[in-house]
Amino acid sequence: MFERHKSADQNRRPLQRGRRTSETRRGSVVDWINGLTDNNQREENEWDRVDSAAERRTRHGSVVSVEELAPDESTQHKAELIAKLKREVKMIMEEAVTKRQVDLNSPYVTSLCSAVENCLMDGLRRRLLGLFGSRSSLALLHTVAKTNAAAELVLAKTLEINEQTGSAHHLIWIREALHMRTLSQIVHHIASAKSLRRLFDNSALMLDRAKGGMVAALLCETY
């Protein structure tokens, strides 16, 4: 689905959409993401309407006061990260419905890469990244590449591009993983590998059993 701009790499053939990614399927995926986004909005509105104390009637007819707590800051932040990622995936899917290919250098892809990095950076511990101790998703990739073959290939390609261009932008590896169709696999490994849990705080999005897996699941739909 993603196409590299010709000026960046003239020798590489653009990715063609496979049989699985038909316009009908993409339309249904967009509808699915729309549903998820609408559900999130309803949940947010419901939290806004919650009073500090609400009256509830028991089965015996008596009325009791039940205190309802709003989600804590960490929970709200993770929900915002997921909502942002859903919006960016939705934009990519809508773009793919109208166009056969999506340019890797398009603002849609840049925005998606930024949303992915924000998810990966949530709760990331700087002190456990070893020699690559800068707190960035690229530093995280160096660590993940030690135990994941897909991440190792993406890292090698990223370092090659950095050497050719003389730059080391932190989003390049995410673009390359999208282009190589391995980003979802790498994110799933980060969320599920026990050896990587030490890199994150306990409240991190990637360690959340439900929301951490949702990041990889959403990225599957971009292929």
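Quick caveat, the model's predicted, so the values are computed rather than measured.

Draft legend 1. Local environment of the overall build of the protein chain. When helices and strands are counted, the protein chain shows eight helices and four strands. Along the protein chain, helices and strands appear, N-terminal first, in the series β-α-β-β-α-β-α-α-α-α-α-α. With 223 residues in all, the protein chain has 44% of them scored as buried. In the protein chain, the proportion of contacts linking residues at least 24 apart, taken out of those at least 6 apart, comes to 64%. Total accessible area computed for the protein chain in this model is approximately 12700 Å², and 48% of it derives from carbon and sulfur atoms.

Draft legend 2. Molecular detail of the pattern of salt bridges. As enumerated under the stated definition, the model contains five salt bridges in all. For K78, the salt bridge is made with D208, and the minimal N-O distance between the two is 3.2 Å. Here the residue K78 occupies a position in helix 2 (residues 73-98), and D208 occupies one in the loop between helix 7 (183-192) and helix 8 (211-220), the gap between them amounting to 130 residues. The partner of K157 in a salt bridge is E160, and the shortest N-O contact between them spans 3.7 Å.

Draft legend 3. Structural context of the nonpolar core. Membership of the largest hydrophobic core comes to 49 residues, with the highest contact counts inside it found for L85, W173, L183, I186, I190 and F200. For this core, the secondary-structure elements that each account for two or more residues are helix 2, helix 3 (107-121), helix 4 (137-144), helix 5 (149-165), helix 6 (172-179), helix 7 and helix 8.

Draft legend 4. Quick look at the side chain of R175. By the element assignment, R175 lies in helix 6. Here R175 occupies a buried position and makes no salt bridge, while the nearest side chain of opposite charge, D103, is found at 7.0 Å. Every residue in contact with R175, bar those within four places of it in the chain, is listed here: L104, N105, S106, V109, T110 and C113.

Draft legend 5. Examining unusual backbone geometry more closely. Of note, the phi angle at R181 is positive, near 60°, even though the residue is not glycine. The topology assignment puts R181 in the loop between helix 6 and helix 7.

Draft legend 6. Expanded view of helix 3. With 15 residues, helix 3 should cover 21 Å at 1.5 Å per step; its first-to-last C-alpha distance of 21 Å lies within 8% of that length. Turning to helix 3, its buried residues number three or more, namely V109, L112, C113, A115, V116, E117, C119, L120 and M121. Where helix 3 terminates, the next one or two residues include G123, which has phi positive at roughly 75°.

Draft legend 7. How the structure looks around the confidence of the model for the protein chain. Here the protein chain averages 77 in pLDDT, while 64% of its residues score no lower than 70. Summarising per-element confidence for the protein chain, the mean pLDDT is lowest in strand 3 (residues 63-67) (52) and highest in helix 7 (95). Confidence drops under a pLDDT of 50 for residues 7-22, and excluding neighbours within four residues, the segment shows 27 contacts in the predicted structure. Note on residues 46-53: pLDDT under 50 across the span, and 10 contacts to partners over four residues away in sequence or across chains.

Draft legend 8. Structural context of helix 2. Taking 1.5 Å per residue as the helical rise, helix 2 with its 26 residues ought to reach 38 Å, and the 38 Å between its terminal C-alpha atoms agrees with that figure. Residues K78, L81, I82, A83, L85, K86, E88, V89, I92, M93, E95 and A96 constitute the buried set of helix 2.

Draft legend 9. Representation of the environment of L171 within the structure. Position of L171 among the secondary structure elements: in the loop between helix 5 and helix 6. Judged by relative accessible area, which is 7%, L171 ranks as buried. Measuring from C-alpha to C-alpha, the distance between L171 and L138 comes to 7.8 Å, with 33 residues separating the pair along the chain. Contact partners of L171, with chain neighbours within four places excluded, come to T110, C113, S114 and E117.

What counts, and at which threshold
- Residues numbered from 1 in each chain as written.
- Predicted model: local features only at pLDDT ≥ 70, side-chain atom pairs only at ≥ 80, totals over all residues.
- Heavy atoms only, no water.
- Helix = DSSP H or I, 4+ residues; strand = E, 2+ residues; numbered from the N terminus.
- Buried < 20%, exposed > 50% of the residue type's maximum accessible area, 1.4 Å probe, protein only.
- Contact = heavy atoms within 4.5 Å.
- Areas by Shrake-Rupley, 256 points an atom, 1.4 Å probe, with all protein chains shown as cover.
- Salt bridge = Lys/Arg side-chain N within 4 Å of Asp/Glu carboxyl O.
- Core = buried A, V, L, I, M, F, W, Y, C linked by side-chain atoms within 4.5 Å.
- Lys, Arg positive; Asp, Glu negative; His and termini not counted.
- Expected span 1.5 Å × (residues − 1).
- pLDDT = per-residue confidence, 0-100.

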